[in-house]
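What the coordinates show
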Amino acid sequence: MTKMTNVSGAKALPLNTILSGDCVEVMNGLPEASVDLVFADPPYNLQLKGELHRPDNSRVDAVDDHWDQFSSFAAYDAFTQDWLKAARRLLKPDGAIWVIGSYHNIFRVGAALQDAGFWILNDVVWRKSNPMPNFRGKRFTNAHETMIWASKSEGAKYTFNYEALKALNEGIQMRSDWVLPICNGGERLKDANGDKAHPTQKPEGLLHRVLVGSTRPGDVVLDPFFGTGTTGAVAKMLGRDWIGIEREAGYREVAAKRIAKVRAFDKGALEVSQSRRSEPRVPFGQLVERGMLRPGEMLVNARGQMAKVRADGTLVGNDVTGSIHQVGAQLEGAPSCNGWTYWHFRRDGKVVPIDVLRQQIRAEMRET
């Protein structure tokens, strides 16, 4: 379903739509500063010389389509500069871009990104757990591709859901080398003849990680080389709006059918782990104002030491007066203290951390 939205009174943004045409021309016709993220899988300019064959002499279904062929490196560089300029114009000030490529093109693209004013945040290696073998036996097996993640400019804010990616990785900080399989099996789209619908279809798992890590629900994601629509399919599942640009009619048809079958996850399932720093600040005094804790009520620490809550949100205990953090630090003889985890209150015979009350307020703030 197509959704149109106006950006600062400008031309309507065609959300959740596959646009036909040259990506640069189409992007230049969209409103400036209207997109939160660009995910780009541009032509790799593979420079293949002749057909590739397996040891049994069967032909490898390699990328030899016309859209991946350029007359020279200079022609490819000019193309790269044009589409990056158009993409940067579309990004909001706090927007970001991901570009994926192979050794054939990613270094040229990286230099062009920097020349265009983008600020590189990371390069991420997608290490393929099931790469295609090197049939000639003259080079290493190409077992990875490289993604570059960049903000619109140096010092710009950007979305990075650190805690969500850590949760995806079983509580361990997400590294910049991702081990994921290439697209195969039932996920690999086929045409009417049973052949691959697209030679470089990306796996949904790759886009899931990118979008969970660097966008929020409701963000607008643009893919200027849409292909068979992996970006749009995953964006729809995750509650992001998307725009695809694709000049090949066959790919547009496959992508449209694919995305039409996708069901968006329910709103509750789209919530992800957030960094504590990104959560809204709740003063301890607000708990007192709202009657969640009463003046005169006693708080207790793990050693059984107590402090009394005062009407202005300060504590007094053991001849020490101050905030929940200051009093805790004084009692511990420490330079600092996290009062939210240090202090507890009693309810129904149980000792409960005061942070539980703070999280209740934060949950209410997220719902509004």
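Since this is a predicted model, take the numbers as computed values, not measurements.

**Considering the overall build of the protein chain**
Within the protein chain one finds 11 helices and 16 strands. Scored against the burial criterion, the 368 residues of the protein chain give a buried share of 44%. Partitioning the contacts of the protein chain with sequence separation of at least 6, the portion at a separation of at least 24 is 66%. Accessible area of the protein chain: about 19,700 Å², with a carbon and sulfur share of 49%.

**Let's talk about the confidence of the model for the protein chain**
In the predicted model, the protein chain carries a mean pLDDT of 87, and 88% of its residues have values of at least 70. Across residues 48-63 the pLDDT falls below 50, and counting only partners more than four positions away or on other chains, this stretch makes 26 contacts in the model.

**Considering the environment of R281**
Assignment of secondary structure puts R281 in the loop between α7 (249-260) and α8 (284-289). Owing to a relative accessible area of 69%, R281 belongs among the exposed residues under this scheme. As for R281 and I361, which are separated by 80 residues in sequence, their C-alpha atoms are 9.9 Å apart.

**Some words on the sheet that holds strand β8 (residues 177-180)**
The 8 strands are arranged β3-β10-β9-β4-β5-β7-β6-β8 in an open sheet whose pairing can be described as mixed. Strand pairing shows two members of the sheet lacking a second neighbour, β3 (17-20) and β8, which therefore form its edges. Neighbour-to-neighbour, the strand axes of the sheet open up by a mean angle of 20 degrees, direction not taken into account. Pairing analysis gives 4 bridges linking strand β9 (residues 220-223) to strand β10 (residues 241-246), with the strands arranged parallel.

**Topic: the side chain of N105**
With respect to the secondary-structure elements, N105 resides in the loop between β5 (91-101) and α3 (106-115). The exposure class of N105 is buried, given its relative accessible area of 0%.

**Quick notes on the packing of aromatic side chains**
In the structure shown here, the tally under the stated rule is 11 aromatic pairs. With 5.4 Å between their ring centres and 90 degrees between their planes, W149 and Y158 make a pair best called edge-to-face. In this structure W149 comes out as buried when scored by relative accessible area, which is 5%. Given the relative accessible area of 38%, Y158 is considered partly exposed. Among the aromatic residues, those joined into a cluster by ring pairs are W98, W149, Y158, F160, Y162 and W178. Its end group placed over the ring of F118, R88 keeps NZ or CZ at 5.8 Å from the ring centre.

**Let's talk about unusual backbone geometry**
The backbone phi angle of D319 is positive, close to 65 degrees, even though this residue is not glycine. Residue classification places D319 among the exposed residues on the basis of a relative accessible area of 81%. A positive phi is found at D348, a non-glycine position, where the angle reads about 50 degrees. With respect to the helices and strands, the residue D348 is situated in the loop between β15 (344-347) and β16 (350-353).

**Side note on the pattern of salt bridges**
Taken as a whole and assessed by the stated rule, the structure comprises 12 salt bridges. E297 serves as the salt-bridge partner of R347, at 2.5 Å between the closest nitrogen and oxygen. Here R347, found in strand β15, pairs with E297, found in the loop between α8 and β11 (298-300); they are 50 residues apart in sequence, far enough to count as distant. Looking at R347, the relative accessible area reads 33%, which means it is partly exposed.

Scoring rules and cut-offs
- Residues numbered from 1 in each chain as written.
- Predicted model: local features only at pLDDT ≥ 70, side-chain atom pairs only at ≥ 80, totals over all residues.
- Heavy atoms only, no water.
- Helix = DSSP H or I, 4+ residues; strand = E, 2+ residues; numbered from the N terminus.
- Buried < 20%, exposed > 50% of the residue type's maximum accessible area, 1.4 Å probe, protein only.
- Contact = heavy atoms within 4.5 Å.
- Areas by Shrake-Rupley, 256 points an atom, 1.4 Å probe, with all protein chains shown as cover.
- pLDDT = per-residue confidence, 0-100.
- Pairing = 2+ DSSP bridges.
- Axes fitted to C-alpha atoms, helices over the stretch in contact; angles between N-to-C directions.
- Phe/Tyr/Trp six-rings, centres within 6.5 Å; stacked < 30°, edge-to-face > 60°.
- Lys NZ or Arg CZ within 6 Å of the ring centre and 35° of its normal.
- Salt bridge = Lys/Arg side-chain N within 4 Å of Asp/Glu carboxyl O.

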